[in-house]
Amino acid sequence: MLLTKLEESLIQRKNNFEFRDHSVQGKNYLSFATNDYLGLANHPAVVSACENALKKYGVGSSSAYLIAGYTKAHQELEEALANFLGFKATLVFSCGYMANLGVVSSLFSKHDVIFADKLSHASLIDGAIASKANFKRYPHCDVNSLNNLCELDQQSNGNKLIITEGVFGMDGTVAPLKEISAISKRNNAMLLVDDTHGIGILGHEGQGSLKACNLESNCADILTSSFGKAFGTYGAFVASSHVIIESLKQFARTYLYTTAIPPAIASATLASLNIIQTENWRRQKLLELVQYFRLCANQLGIPLTSSQTAIQPIILGSSEKALRVSQYLQERGLVVKAIRPPTVPFASARIRISLTVQHQKHHIDYLMENLVHAINSA
Ligand SMILES: *Cc1c(COP(=O)(O)O)cnc(C)c1O
């Protein structure tokens, strides 16, 4: 019954829904749940770069990176990323989870200390645990706590590492990187920034969060990012010095013991990078949508966080409430996912809305209309 009604309304709104289709249970939905912020996953230039490389290389890479899986396509991508971000060297990993896990667990050990933002991605946390280093977590973006932890730790003579995301994936907050970078320098600690949600989105040419905080990208000793978000493809990279990248090739088990990403995916990612560097309008449009979204929400009394990025969480507290809101929206043709503990801290269940350049203002209008009802009736 509901579904028939839904189908009718979707047909009525057909023109409004000329939007990337998501097949969920055989139906098309308007999605606010993807991380394809720049709309590159189905960009014609990205798709055709992938097709051409498929014809040249075939589908699979057939091997691990250091055996026979590494191709010219991987190398070109690594060189382009190093140039783009001003790093000496970069290394393509098979996904962001593996990159973070491999970097942190292979470079640091029980004699070292790791300080990480409490909301850092699971892969960073798992890397820190796997490293056996002394692992300390500081409250989200709390630079005073970080500073205190670092200063309390003056005696140890192991290596120190500070870990943060650039833009936090579940909250949309931008880390105070200027302060964090200063703390790292003052305390002789290395800085690792996972800028998965910042690269492509922030900075004039999309170099990411550090650039947006008026720092050079290579202000981080190690920069990591997944290609699964703004790049719209798959895989990940690590950027750092020659010595660190060389060490990762030798010691990072998540690099050594896995199949290389398909060359066609590396070629597609290089095409994405070109678009990221040249099409500033995508960042501009995304910013305008964020502002429009926040304006509408404020007018309707929908509670927002301070996030100024494409990630706009609406914190609802209980998991049940978040699920009811998500369900209500789904029945109206909208995909907005509930994010619950342990992905986010206890009692901070939320719906996570992510905006992409493929959204139009009327999509946001339709979302808002339903969101008010969903929240009020949940
Ligand atoms: C998605 C994500 C990852 C993991 O990347 P995958 O390529 O999906 O494995 C790592 N860090 C952050 C911040 C992410 O959002």
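Residues numbered from 1 in each chain as written. Predicted model: local features only at pLDDT ≥ 70, side-chain atom pairs only at ≥ 80, totals over all residues. Heavy atoms only, no water.

## Regarding the pairing of strand β9 (residues 236-240)
Counted residue by residue, β9 has five buried out of five residues, so it is predominantly covered. Across the two faces of β9 the burial is the same, with A236, V238 and S240 and F237 and A239 all buried. Examined bridge by bridge, strand β3 (residues 89-93) and β9 share five bridges and lie antiparallel to one another. When the bridges of β9 are listed, A89 appears paired with S240. The sheet contact formed by strand β8 (residues 222-226) and β9 spans four bridges and is antiparallel. The residue bridging S226 from the neighbouring strand is A236, located in β9. (Buried < 20%, exposed > 50% of the residue type's maximum accessible area, 1.4 Å probe, protein only. Helix = DSSP H or I, 4+ residues; strand = E, 2+ residues; numbered from the N terminus. Pairing = 2+ DSSP bridges.)

## Here's the deal with the site of the ligand
Around the ligand, a shell composed of 13 residues is seen, among which G96, D194, H197, S226 and K229 lie nearest. A distance of 2.9 Å is found between an oxygen atom of the ligand and a backbone nitrogen or oxygen belonging to Y97. With respect to the ligand, the side chain of H197 contributes an N or O atom lying 2.6 Å from an oxygen atom. Within the complex, 85% of the 380 Å² of free accessible area of the ligand lies under protein. (Near = heavy atom within 4 Å. Polar contact = N/O pair within 3.5 Å; in protein donor to acceptor, adjacent residues only side chain to side chain. Areas by Shrake-Rupley, 256 points an atom, 1.4 Å probe, with all protein chains shown as cover.)

## A closer look at the domain arrangement of the chain
As far as domains go, the chain holds domain 1 (45-278) and domain 2 (280-377). Roughly 1,200 Å² is buried in total at the junction of domain 1 and domain 2, and carbon and sulfur atoms are behind 57% of that figure. Linking domain 1 with domain 2 are one salt bridge. Each residue belonging to the side of domain 1 that touches domain 2 can be placed in one class, and the counts come to nine nonpolar, ten polar and two charged. (Domains from an automatic or database assignment. Buried area = accessible area lost by both parts, 1.4 Å probe. Salt bridge = Lys/Arg side-chain N within 4 Å of Asp/Glu carboxyl O. Nonpolar A, V, L, I, M, F, W, Y, C, P; charged D, E, K, R; others polar.)

## Focus on the sheet that holds strand β12 (residues 337-339)
Read from one edge to the other, the open sheet built from three strands follows the order β10-β13-β12, with strand pairing classed as antiparallel. Edge strands, defined here as strands with exactly one partner in the open sheet, are β10 (311-317) and β12. Between one strand and the next, the sheet's axes are offset by a mean angle of 35°, whatever the strand orientation. With six bridges connecting them, β10 and strand β13 (residues 349-354) associate as antiparallel partners. The residue of β13 that forms the bridge with I314 is I351. (Axes fitted to C-alpha atoms, helices over the stretch in contact; angles between N-to-C directions.)

## Notes on the pattern of salt bridges
Scanning the entire structure with this criterion turns up six salt bridges. Its salt-bridge partner being K211, residue E216 comes within 3.3 Å of it at the nearest N-O pair. Notably, a salt bridge pairs K249 with E246, separated by 3.4 Å at the nearest N-O pair. On the criterion of helical spacing, the pair formed by K249 and E246 is a turn pair, its members being three residues apart in helix α10 (residues 242-251). With a relative accessible area of 23%, K249 lands in the partly exposed category.

## Here's the deal with the packing of aromatic side chains
Summed over the entire model, instances satisfying the criterion amount to four aromatic pairs. A ring pair is formed by F227 and F231, whose centres lie 5.0 Å apart and whose planes are at 70°; its orientation type is edge-to-face. Using a relative accessible area of 0% as the deciding quantity, one classes F227 as buried. These aromatic residues form a ring-pair network of at least three members: Y65, F93 and Y255. In this arrangement the basic side chain of R332 is found over the ring face of Y328, its NZ or CZ atom lying 3.6 Å from the centre. (Phe/Tyr/Trp six-rings, centres within 6.5 Å; stacked < 30°, edge-to-face > 60°. Lys NZ or Arg CZ within 6 Å of the ring centre and 35° of its normal.)

## Brief notes about the pairing of strand β5 (residues 134-138)
Relative to β5, strand β4 (residues 113-117) runs parallel, the two being bridged by five bridges. Residue pairing for β5: F115 is matched across the bridge by K136. The parallel pair β4 and β5 is bridged by helix α6 (residues 122-131), and the resulting crossover is right-handed. (Right-handed = clockwise from strand over helix to strand, strands pointing away.)

## Topic: helix α13 (residues 280-300)
Taking 1.5 Å of rise per residue, 21 residues should cover 30 Å, and α13 covers 31 Å from first to last C-alpha, within 8% of that figure. Turning to α13, its buried residues number three or more, namely R282, R283, L286, L289, V290, Y292, F293, R294, C296 and A297. Following α13 by one or two positions, G301 adopts a phi angle in the positive range, close to 75°. (Expected span 1.5 Å × (residues − 1).)

## Considering the environment of V290
Topologically, V290 is positioned in helix α13. Residues V290 and Q312, spaced 22 residues apart in sequence, show a C-alpha to C-alpha distance of 8.2 Å. The contacts of V290, once residues within four sequence positions are left out, are Q308, T309, A310, Q312 and L355. (Contact = heavy atoms within 4.5 Å.)

## Digging into unusual backbone geometry
Cis geometry marks the peptide bond from P341 to P342, where omega comes out at 10°. Locating P342 in the fold gives a position in the loop between β12 and β13. Positioned with a positive phi, S62 is a non-glycine residue whose angle comes to about 75°. Locating S62 in the fold gives a position in the loop between α2 (44-57) and α3 (65-69). Accessibility expressed as a relative area gives 71% for S62, which makes it exposed.

## Brief notes about the confidence of the model for the chain
Do not read the predicted coordinates in detail wherever pLDDT is low. On average, residues of the chain score 93 in pLDDT, and 96% of them reach the 70 mark or higher. Per-residue pLDDT stays below 50 along residues 16-23; that stretch engages in 24 contacts with residues further than four places along the chain or on separate chains. (pLDDT = per-residue confidence, 0-100.)

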